[in-house]
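# Chains, contacts and geometry: an overview
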Amino acid sequence: MLRLRANAVAKFKSHIAGGEQRAITAATSARKYSTESPLPESADVVIIGGGSAGCNTLYQLAKRGVRAVLLEKSKLTAGTTWHTAGLVWRLRPNDVEIRLLAATRDLLMSLEEETGHNSGWINNGGLFISHSPERLDEYSRLATLGKCFGIESHIVGPEQAQKLFPPLDPTSFTGALYSPGDGVVDPAMMCTALTKGATANGGLVVEDCTVSQIITGENLLGMKDVRGVLTNKGTIRTNTVVNATGVWGRDLIEPLGVFLPLIPMKHAYVVSETMDTIHQMLPNVRDHDFSLYFRIQGKSICMGGYENNPIMLNRVPGDFHFGLYDLDYSVFDTHIQGAVKLCPAFGSAGIKSTICGPESFTPDHKPLMGPDPTVSGLFHSVGYNSAGMMLGGGCAEQLAQWIIHDRPDRHMFAYDVRRFTPKQKKALNWATERSHEAYTKNYSIVFPHDEPLAGRNFTVDPFHKQMIQYGAVMEERHGWERPGYFLPDETVVVQPYDWYGYYDHPKNANTHYEEALKGDYTFGFSEHHDLIGEEALTCRHDAALFNLSYFCKLFLTGSQAKEAAEWIFTANLDKPINKTIYTCALNKRGGVEGDVTVSIVESGLGGLHDPIFKGRGYYIVAGGASAYHTKCHILAAIQEKAFRAVVSDHTEELGVLSLQGPKSREILQKITDFDLSNEKLLPMNSTAILTIKINPHYSCHVRVLRVSFVGELGYELHIPEESCNDVYNALMKAGYKESLRNAGYRALYSLSSEKGYHLWGSDLRSDDTPIEANLGFVCRKEGEYQGKEIVDRQRENGVSRRLAFFTLREQVPIWGLEAVYRDGEIVGHLRRGEYGYTLQKPIGQAYVQRADSSPITNQFLQSGHYQIEVMGKLYDADCHLRSPFDPKGERMLGIYK
């Protein structure tokens, strides 16, 4: 076991004092680039917080000519930055994060040449340890994705890993992933180099400057906007403030009515005594299965990790600038046990010092970034989940783009604060539960399908009880429960969060839901693969009922609703009443912020589905996983242009049932007198108000959209909440003889992908343009809309990358992130991977990129020999310009041969 010397307590106290002094010394060095002069009267941007996030943001803004001021209430690096471990990895199971990490690393390697000050970067490499075949599969996926971005990595055996890091016990693990480009950074040196670079470009740093208030006003449309900041040294006028206050991220903004799901916790590591077998250029080690890491510091090992019972904090005192907590070994001991198994020499080295400080965590273990949707001019850059060093440079670069150009050039939705609804951001208990589970699972294997156990049943739709009664295994997205798939004759109920049995919470006796999730803990075909296939094929052959209630449902009305809709959406909306149009909403870079259906509607009778308004209205339906993001994008465009238009959100008040399949018309006709066979009354891509007969004595009204997300004849019923259960029961009864069955989102996404439809956030993102995504047909050539200049230019000049559809010739599961080869060269990676049950093939979508940046042509895509790399092995694939499933779209018209 770990040998603790008799003087450990004394050394601990000494280290606290010494660590604090080292941080202050580093801050003093950085103070050469701060000012004691009076505050400027105004600034383009005021950054609050002098840690990694703040210093990186100042650097990126100043580099771009922005008059930016950084205000730090103590000294630079105060808070969490000064005591961070400073690890920098290169590989993550996400292409955007890999690019962010690369941007940070590139910056760290170039700062010294630019500023003359060492950034503290050491390129000593990194080693990921595996204890199971599944973990090694995950590492193989990381290595494959890394190849797409020129990142060198190697799967190695235990003996090879020991050669790279001699103190490891090769009998204690089964394999490893070696990434020679990984490293570590000294936070104080980094912040000093950043502020030197920033001040050389006109940036300003002011320490010992406490911001007591963000001054706001109200714009012409009634929205709060930033006017300045009030500090102990005076007032600065500004229209843009960046909240980079770390663990204090909630404190300054809550008086404005702004809330963030940010949970402070104690996070710790220990520093060993010097070890003969350790030197600075040994690689850092991450053992995900033991949930710990080694960071090399000279001849010592810094060891920390993520335990199941972290100590959560309500608030961190405002003056806890360079403070530390006593380490609770009853919490930390699990890491010591794992470290000794992995590296026995660590157990006999002794502990030189301990570091236990506050860190901020979030419900999905990702930062909170971007513009606040409720206060114009307020931006956030907090909640880095102890990854601020490795993500700081890349994130600050994107934030600078966000501030200057209104949008980043990467798809930052996973970090965008608008991924959380106002309801989620205000729910402290929900955020605490989810942040706890995200912390404990930080090192867990990232399987293609997994669900949280914490914070569940936060928002349920009107059909929730019926879904459970029919055997739904629920998923959680955007705070909503939705059915993933159905287990016939079973009842699977998500239990209240048991905190994994910690904090005196008894573990749940009912583990049925957890057992169902385990069937997906594989990179092979899921245990539920065939069951999901039955749902998908029932939709293709008979009919299936999908619950889409968490979809975003908005009405756009007002005297300038037409002008607003034409500016926001790309398609031609000059259509007759009751026409439904598929369209995109773009940002100023031409990237797709959302793909939606817009129905042209007229004033109704006053129902939730049929409201009363003046003039022409627009009923907008968007995917549920990005619902609030879509709404915010629409509202921001209206604000910027000052359109006299109103957006009414009916998402929680309307349930949606999507009836799809060859027998859908026959089933729906049984419960309505509306003649569905009359193509003039309800043609494809149209909407109408239907009367649904519940029983001989009772009927209700619903809005029906004749659209399909799966490529079949189908109808979406948008139902007032009070009628939802009755309509559902009526449909199930009417469809009983036609083999109607419930189907979940796993089948829905398979069917959608098989048809070649897009899924925003996967194969269609804010960094993809419609031309690149083969959606030029939804972009009108006349008039103006946001992003049109980019679309027109690409339509004329072509693009160097385009979305293509792939089918594998062998039965190998693919999930996305697999490398795509053309004639032996990597040309992209799969954004999305599914199984096409009708095609009976694995299917995927990827953006194929030309290495020479010349325009991609159909001939280029259709020629060449394509292969997909799955778990390090190449499989032959066929590339298609469009999905080979029903290429003429006849099935949606009811034409079945």
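Residues numbered from 1 in each chain as written. Predicted model: local features only at pLDDT ≥ 70, side-chain atom pairs only at ≥ 80, totals over all residues. Heavy atoms only, no water.

### Observations regarding the pattern of salt bridges
- Enumeration over the complete set of coordinates arrives at 53 salt bridges.
- When the shortest N-O distance is used, the salt bridge between E476 and R434 registers 3.4 Å. With E476 in strand 22 (residues 472–477) and R434 in helix 11 (residues 428–440), this pair connects stretches of sequence that are 42 residues apart. Across this residue pair, the class does not change: E476 and R434 are buried.
- In this structure, the salt-bridge partner of D649 is K631, at a minimum N-O distance of 3.3 Å. (Salt bridge = Lys/Arg side-chain N within 4 Å of Asp/Glu carboxyl O. Helix = DSSP H or I, 4+ residues; strand = E, 2+ residues; numbered from the N terminus. Buried < 20%, exposed > 50% of the residue type's maximum accessible area, 1.4 Å probe, protein only.)

### Quick notes on the domain arrangement of the protein chain
- In terms of domains, the protein chain is made up of domain 1 (43–79 + 186–260 + 362–414), domain 2 (125–179 + 262–357), domain 3 (421–521), domain 4 (542–550 + 651–737) and domain 5 (552–649 + 768–785).
- Across the boundary between the two partners, domain 1 contributes 22 residues, which contact 13 residues of domain 2.
- Carbon and sulfur atoms make up 52% of the area that domain 1 and domain 2 hide from each other, which totals about 1,400 Å².
- Looking only at domain 1, the three residues that lose the most surface to domain 2 are V247, W248 and R250, adding up to 36% of its buried area.
- Linking domain 1 with domain 2 are two salt bridges, by the criterion used here.
- Between D251 and R315 there is a salt bridge, and its shortest N-O distance comes to 2.6 Å.
- One can count ten residue pairs in polar contact (both at pLDDT 80 or more) joining domain 1 with domain 2.
- Residues of the side of domain 1 that touches domain 2, tallied by class, amount to seven nonpolar, ten polar and five charged. (Domains from an automatic or database assignment. Contact = heavy atoms within 4.5 Å. Buried area = accessible area lost by both parts, 1.4 Å probe. Polar contact = N/O pair within 3.5 Å; in protein donor to acceptor, adjacent residues only side chain to side chain. Nonpolar A, V, L, I, M, F, W, Y, C, P; charged D, E, K, R; others polar.)

### Here's the deal with the UniProt feature "domain: FAD dependent oxidoreductase" (unreviewed entry) in the protein chain
- Per the UniProt entry, the sites bearing "domain: FAD dependent oxidoreductase" (unreviewed entry) are residues 44–402 in this numbering.
- This span, residues 44–402, is 29% helix and 28% strand, and a straight line between its end C-alpha atoms measures 14 Å. (UniProt positions renumbered as here; feature names shortened; annotations may be inferred.)

### Some words on the packing of helix 15 (residues 561–568) against helix 16 (residues 627–641)
- Contact geometry for helix 15 and helix 16: axes closest at 10 Å, N-to-C directions at 115°. You can see that helix 15 and helix 16 cross each other, and the crossing is right-handed. Taken together, the residues of helix 16 that come into contact with helix 15 (itself represented by A564, W567 and I568) are I634, A637, I638 and K641.
- Residue composition of the contact of helix 15 with helix 16, by class: six nonpolar, no polar and one charged. (Axes fitted to C-alpha atoms, helices over the stretch in contact; angles between N-to-C directions. Left-handed = near helix turned anticlockwise from the far one by under 90°.)

### Brief notes about the packing of helix 3 (residues 95–115) against helix 6 (residues 187–200)
- Put simply, helix 3 and helix 6 touch, their axes get as near as 10 Å, and they point 55° apart. Viewed along their axes, helix 3 and helix 6 adopt a mutual orientation that is oblique. In this structure, helix 3 meets helix 6 at a crossing whose hand is left-handed. Contacts between helix 3 and helix 6 pair L107, L108, L111 and T115 from the former with M190, A193, L194, K196 and G197 from the latter.
- Residue classes in the contact of helix 3 with helix 6 are distributed as six nonpolar, two polar and one charged. (Parallel < 35°, antiparallel > 145°, perpendicular 65-115°, else oblique.)

### Focus on the pairing of strand 21 (residues 378–382)
- Most of strand 21 sits inside the fold, with five of its five residues counted as buried.
- Residues L378, H380 and V382 of strand 21 are buried on one face, and the alternating residues F379 and S381, pointing to the opposite face, are buried as well.
- Here three bridges tie strand 13 (residues 241–243) to strand 21, and the two strands are oriented parallel to one another. Looking across to strand 21, one finds that V242 is bridged to F379.
- In terms of strand pairing, strand 19 (residues 368–371) meets strand 21 through four bridges, oriented antiparallel. (Pairing = 2+ DSSP bridges.)

### Digging into the sheet that holds strand 19
- If you trace the six strands from one edge of the open sheet to the other, you get 9-2-1-13-21-19, paired in mixed fashion. Each end of this open sheet is capped by a strand with a single partner; those strands are strand 9 (204–206) and strand 19. This sheet shows a mean twist of 20° between the axes of neighbouring strands, independent of strand direction.
- Where strand 1 (residues 45–48) meets strand 2 (residues 68–71), four bridges bridge the pair, whose relative direction is parallel. If you follow V45 over to strand 2, its bridge partner there is A68.

### Overview of the packing of aromatic side chains
- Scanning the entire structure with this criterion turns up 26 aromatic pairs.
- Taken together, a centroid distance of 6.0 Å and an interplanar angle of 65° make the contact between Y550 and F551 edge-to-face. Of the two residues, Y550 and F551, neither departs from the other in class, the shared state being buried.
- Taken together, the ring pairs connect Y306, F361, Y439 and Y443 into an aromatic cluster.
- Note that K73 overlies the ring of W248, its terminal NZ or CZ placed 3.9 Å from the centroid. (Phe/Tyr/Trp six-rings, centres within 6.5 Å; stacked < 30°, edge-to-face > 60°. Lys NZ or Arg CZ within 6 Å of the ring centre and 35° of its normal.)

### Re helix 6
- Helix length check: helix 6, at 14 residues, gives a terminal C-alpha distance of 20 Å against a target of 20 Å (1.5 Å per residue), a fit within 8%.
- The element helix 6 is largely enclosed, with a buried count of ten among its 14 residues.
- Looking only at helix 6, the buried set comprises P187, A188, M190, C191, T192, A193, L194, T195, G197 and A198.
- By the N-cap criterion, in which a side-chain oxygen at the helix start approaches the backbone nitrogen of a residue two or three places on, helix 6 is capped by D186, the distance to A188 being 3.1 Å.
- Backbone geometry just after helix 6 places G202 at a positive phi near 100°. (Expected span 1.5 Å × (residues − 1).)

### Structural notes on the environment of V656
- Along the chain, V656 turns up in strand 30 (residues 654–660).
- With 64 residues separating them in the primary sequence, V656 and P720 have C-alpha atoms 9.0 Å apart.
- Contacts of V656, omitting those with residues within four sequence positions, involve F463, F546, N547, L548, S549, K553, E716, L717 and H718.

### Quick notes on the side chain of H365
- Here H365 shows up in the loop between strand 18 (351–361) and strand 19.
- Within the structure, H365 has its side chain in polar contact with the side chain of N442 (distance 3.2 Å).
- Setting aside residues up to four positions removed in sequence, H365 forms contacts with Y306, N385, A438, Y439 and N442.

### Some details on the environment of A268
- You can see A268 is positioned in strand 14 (residues 263–272).
- Relative accessible area serves as the criterion here: at 8%, A268 is assigned to the buried category.
- With 489 residues separating them in the primary sequence, A268 and Y757 have C-alpha atoms 46 Å apart.
- Not counting the four nearest positions on each side in its chain, A268 is found in contact with Y293, G304, G305, L327, F332, I355 and C356.

### So, the confidence of the model for the protein chain
- Considering every residue of the protein chain, the mean pLDDT works out to 95; 96% of them sit at 70 or more.
- Low pLDDT, under 50, characterises residues 1–28; the stretch is placed with 43 contacts to residues that sit more than four places away or in other chains. (pLDDT = per-residue confidence, 0-100.)

### Describing the nonpolar core
- With 101 residues, the main nonpolar core has I47, L71, I214, L378 and L391 as its most contacted residues.
- Broken down by element, the residue count for this core peaks at eight residues, all from helix 9 (residues 388–405).
- Among the nonpolar cores identified, the runner-up in size contains 76 residues, and Y513, A536, L705 and A734 belong to it. (Core = buried A, V, L, I, M, F, W, Y, C linked by side-chain atoms within 4.5 Å.)

### A short note on a negative patch on the surface
- A cluster of acidic side chains, namely E652, E653, E721 and E722, defines a negative patch on the protein surface.
- Inspection of the secondary structure puts E722 in the loop between strand 33 (714–720) and helix 18 (724–734).
- Residue classification places E722 among the exposed residues on the basis of a relative accessible area of 62%. (Patch = residues over 30% accessible without salt bridge, like charges linked within 9 Å, V, L, I, M, F, W, Y side chains within 5 Å. Areas by Shrake-Rupley, 256 points an atom, 1.4 Å probe, with all protein chains shown as cover. Lys, Arg positive; Asp, Glu negative; His and termini not counted. Charge placed at Lys NZ, Arg CZ, Asp CG, Glu CD.)

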